[in-house]
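Below are the chains, spelled out letter by letter.
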Amino acid sequence: MEILEVIELRTAPGNSEIIEKYLRDWIRESLNKVHIANSYRHYRLETDFCVHIRYDIGKEKSIPITMGKQLARSLKNFGLVNYSVWVEQEFKT
């Protein structure tokens, strides 16, 4: 089963370079700890960023969600943060 953590950030104008460096460094440090981590920037609004963190937890029932929560907490220093967790739907055929 795949878990997707989504962290959205809306920051103040002028913070873009700081945020981009912060996310780039965070992803570089985290790649060996998570399955996949990607950062996105809104194509029109320089103040909006989004990070997707994917975990493959197999058949386990417990979900080890910590990295996304930690990132969301640290990004609150830069602006408004929205954090959510999504579980992949497995359709039986």
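Before reading further, recall that the structure is shown in the block above.
Residues numbered from 1 in each chain as written. Predicted model: local features only at pLDDT ≥ 70, side-chain atom pairs only at ≥ 80, totals over all residues. Heavy atoms only, no water.

Draft legend 1. Expanded view of helix α1 (residues 16–30). Between its terminal C-alpha atoms α1 stretches 21 Å, which fits the 21 Å expected from 15 residues at 1.5 Å a residue. Within α1 the residues assigned to the buried category are Ser16, Ile19, Leu23, Trp26, Ile27 and Ser30. One side of α1 holds all its buried residues, which, seen down the axis, span an arc of 100°. With respect to the buried face of α1, the exposed residues turned more than 90 degrees away are Glu17, Arg28 and Glu29. (Helix = DSSP H or I, 4+ residues; strand = E, 2+ residues; numbered from the N terminus. Expected span 1.5 Å × (residues − 1). Buried < 20%, exposed > 50% of the residue type's maximum accessible area, 1.4 Å probe, protein only. Arc of directions from axis to C-beta.)

Draft legend 2. Structural context of the pattern of salt bridges. Using the criterion set out here, one finds four salt bridges in the structure. For Arg10, the salt bridge is made with Asp48, and the minimal N-O distance between the two is 2.6 Å. Of this pair, Arg10 sits in strand β1 (residues 2–11) while Asp48 sits in strand β3 (residues 48–56), placing them 38 residues apart in sequence. With a relative accessible area of 45%, Arg10 lands in the partly exposed category. Judged by relative accessible area, Asp48 falls into the buried class, the value being 13%. Of the charged contacts in the structure, one is a salt bridge between Glu20 and Arg41, with a shortest N-O distance of 2.3 Å. Of the two residues, Glu20 sits in helix α1 while Arg41 sits in strand β2 (residues 36–41), which places them 21 residues apart along the sequence. With relative accessibility at 40%, the residue Arg41 sits in the partly exposed group. Because the salt bridges share partners, they merge into one network encompassing Lys21, Asp25 and Arg28. (Salt bridge = Lys/Arg side-chain N within 4 Å of Asp/Glu carboxyl O.)

Draft legend 3. View of the environment of Glu88. With respect to the helices and strands, Glu88 occurs in the segment after β4 (79–87). Residues Glu88 and Ile3, 85 residues apart in the sequence, show an inter-C-alpha distance of 6.2 Å. For Glu88, the contacting residues outside a window of four places in its chain are Met1 and Glu2. (Contact = heavy atoms within 4.5 Å.)

Draft legend 4. Just the side chain of Ser74, in detail. Its place among the elements puts Ser74 in helix α2 (residues 67–75). Within polar-contact distance, the side chain of Ser74 engages the backbone oxygen of Leu71 at 2.8 Å. (Polar contact = N/O pair within 3.5 Å; in protein donor to acceptor, adjacent residues only side chain to side chain.)

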